[in-house]
Every structure is written in structure tokens, then in C-alpha cells.
Amino acid sequence: MVHKKLLLVLLLVCSLFLMISCEKDKDDNKTYHYSAGFSSMSSSSENFLEEMSTIEQTFYSNLGITQTPFTLTGSQNECDAQVKSACEVAATTLQELTWDGTYQYDVTNVDTGETIFTLKLE
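These remarks concern the structure in this document. (Residues numbered from 1 in each chain as written. Predicted model: local features only at pLDDT ≥ 70, side-chain atom pairs only at ≥ 80, totals over all residues. Heavy atoms only, no water.)

1. Remarks on the environment of G37
Take G37: it is sitting in strand 1 (residues 30-42). When the C-alpha atoms of G37 and P69 are compared, they prove to be 9.4 Å apart, with 32 residues separating the residues in sequence. Not counting residues up to four positions away in its chain, the partners in contact with G37 are Q104, Y105 and D106. (Helix = DSSP H or I, 4+ residues; strand = E, 2+ residues; numbered from the N terminus. Contact = heavy atoms within 4.5 Å.)

2. Section: the packing of aromatic side chains
By the definition in use, this model includes 7 aromatic pairs. Here Y34 and F70 contribute two aromatic rings whose centre-to-centre distance is 5.4 Å and whose plane-to-plane angle is 20°, an arrangement assigned as stacked. Here Y34, found in strand 1, pairs with F70, found in strand 2 (residues 70-74); they are 36 residues apart in sequence, far enough to count as distant. In this pair, the class of Y34 matches that of F70, namely buried. With centroids separated by 6.4 Å and ring planes inclined at 55°, the aromatic side chains of F59 and F117 adopt a geometry described as tilted. You can see F59 sitting in helix 2 (residues 48-63) and its partner F117 sitting in strand 4 (residues 114-121), a full 58 residues away along the chain. With relative accessibility at 11%, the residue F117 sits in the buried group. (Phe/Tyr/Trp six-rings, centres within 6.5 Å; stacked < 30°, edge-to-face > 60°. Buried < 20%, exposed > 50% of the residue type's maximum accessible area, 1.4 Å probe, protein only.)

3. Notes on the pairing of strand 1
As judged from the 5 bridges shared by strand 1 and strand 2, these two strands associate in the antiparallel manner. Considered in strand 2, the bridge of H33 is made with T71. One ladder, built from 8 bridges, connects strand 1 with strand 3 (residues 102-109); its direction is antiparallel. The residue bridging Y34 from the neighbouring strand is N109, located in strand 3. (Pairing = 2+ DSSP bridges.)

In short, geometric facts, not functional conclusions.
Take a look at the structure:
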């Protein structure tokens, strides 16, 4: 009888640990919200809107989005790394161009408030 009770208590404890472990795994797979846009810009050029559009469309294309804010699902580290990698590709493309104005474009993890990537173009 004592063995059955002990076995039952052990089974309950193991079940509890398993549920806590599974719950932790669920927390690692969340949806994160990101915003992308200009934090500053300055130009007196007639190409101002065209330049802004080029910058925005290059980021959107590399991020695989059509609007901001956008979401990604996974762990925070994975999602932030995916965003940063896409932004680095966009930055490489944009830095090869000549700009009439000056622009700063930021991509931020809205949930954490952390700026994941900043690009300054002049």
C-alpha cells in the first residue's frame, strides 16, 4: 500500500515537471511584433518621395512583408536574428546607391522596445 502511494506521488511529481517543461517550450514560441519606418529624413530634392519609396520597398522586399507593423513567430532570438539578417541584406543594396537626402530607417521589436536594426543613408 505504501509503495502504491509512493508510486502515485512520484507519477504526479513527474507529470507536474512535464507540464511545466511543456509550458516553458510554449513560451519560447511566441508571436513578436515589429515596426519598420523612418525615424528621420531630410531632403530638398525633388526625388525625396522616390528615394523614400526605394528605401522602404527594399526593406519590405527583404523582410518579406507588405506592411508595417508585421509579425514573426518563434523564439525572440530567432525572430530578431531573422529580422536583422534581412535588414543587413537591404542595407547592402541601399548603400550602393547615391542619395540626395539623408535618411534613417529603423526596425524595432515592438514587444521589447529594442531597435533591431538602424540604417543611416546620406
